[in-house]
Amino acid sequence: MNPSQLDISQFTLHRYPITTDPNLQAWDAADEYVLNTLTEAPYADALSKGPLVIFNDTFGALACALAPWHPILISDSFLSQEATRRNFDSNELPEDKVVMQDSLSALPANPSIVIIKLPKTLALLEYQLFQLKAVVTPDTLIIAAAKAKDIHTSTLNLFDSILGETTTSLAKKKARLIFCQPAPRAEKKNPYPTIWKLENTNYQISNHA
């Protein structure tokens, strides 16, 4: 497979838990938009240059399409990871083609491409961007994707303030992409984890995002 064949329709993809509602697919227009963009320069050339990291791939659609490049999938959701395993199996993709890890695991250094499906909470996105700040380089290509209505000024400001210059694409099928160019930024304190001490004990509670 090569980047010109990143067509999500060639895969058999299901949500997990399984649903019989034909309107509920295991991928969305944002996934398609990302994959179409990856067939173009400079993304197509970067696919084979270093680690490929995917955040928040809900049902593993992106991981399946990008399996030849051994993506590293970041998710804390059991349902997401199980859906990915099942979709890999349905498409006869070896499970060793993807590495699945939680958000507390160390990210690979110097990723060539980072894909982020925007999470529902801004706090989780902030935490993930701080994680990326420690490993990306000026050559890392960062693409975030979501429904156009879910991308707000606050979203773009978060990318810009933590990682670097941020722009957006035109909307297609009600989806939009965010492009971010990593660059030095004024040091911004990572607010995570948040830690509380339990009163009258030696125990602490930690909240990572």
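Now for a look at the structure at hand. Worth saying up front: this structure is predicted, and the values here are computed from it rather than measured.

## Some words on the packing of aromatic side chains
Per the counting criterion, the structure on display carries one aromatic pair. Here the aromatic rings of Y43 and F179 are separated by 6.3 Å at their centres, their planes lie at 35°, and the arrangement is tilted. One end of the pair, Y43, is in helix α2 (residues 43–46); the other, F179, is in strand β7 (residues 175–182), with 136 residues separating them in the sequence.

## Observations concerning the sheet that holds strand β1 (residues 52–55)
The seven strands are arranged β3-β2-β1-β4-β5-β7-β6 in an open sheet whose pairing can be described as mixed. Edge positions in the sheet fall to β3 (99–101) and β6 (164–168), since each of these pairs with one other strand and no more. For this sheet the average axis-to-axis angle between neighbouring strands, irrespective of direction, equals 20°. Across the face of the sheet, helix α1 (residues 29–38) comes into contact with β4 (113–117), β5 (141–147) and β7 while running at roughly 50° to β7.

## Remarks on the environment of I74
Tracing the backbone through its elements, the reader meets I74 in strand β2 (residues 72–74). Here the alpha-carbon distance between I74 and D102, two residues 28 residues apart in the chain, equals 5.5 Å. Those residues in contact with I74 that sit more than four places away from it in its chain are V53, I54, F55, N56, Q101, D102, S103 and L107.

Thresholds, definitions, all that
Residues numbered from 1 in each chain as written. Predicted model: local features only at pLDDT ≥ 70, side-chain atom pairs only at ≥ 80, totals over all residues. Heavy atoms only, no water. Phe/Tyr/Trp six-rings, centres within 6.5 Å; stacked < 30°, edge-to-face > 60°. Helix = DSSP H or I, 4+ residues; strand = E, 2+ residues; numbered from the N terminus. Pairing = 2+ DSSP bridges. Axes fitted to C-alpha atoms, helices over the stretch in contact; angles between N-to-C directions. Contact = heavy atoms within 4.5 Å.

Function-wise, these values are silent; they only describe arrangement.
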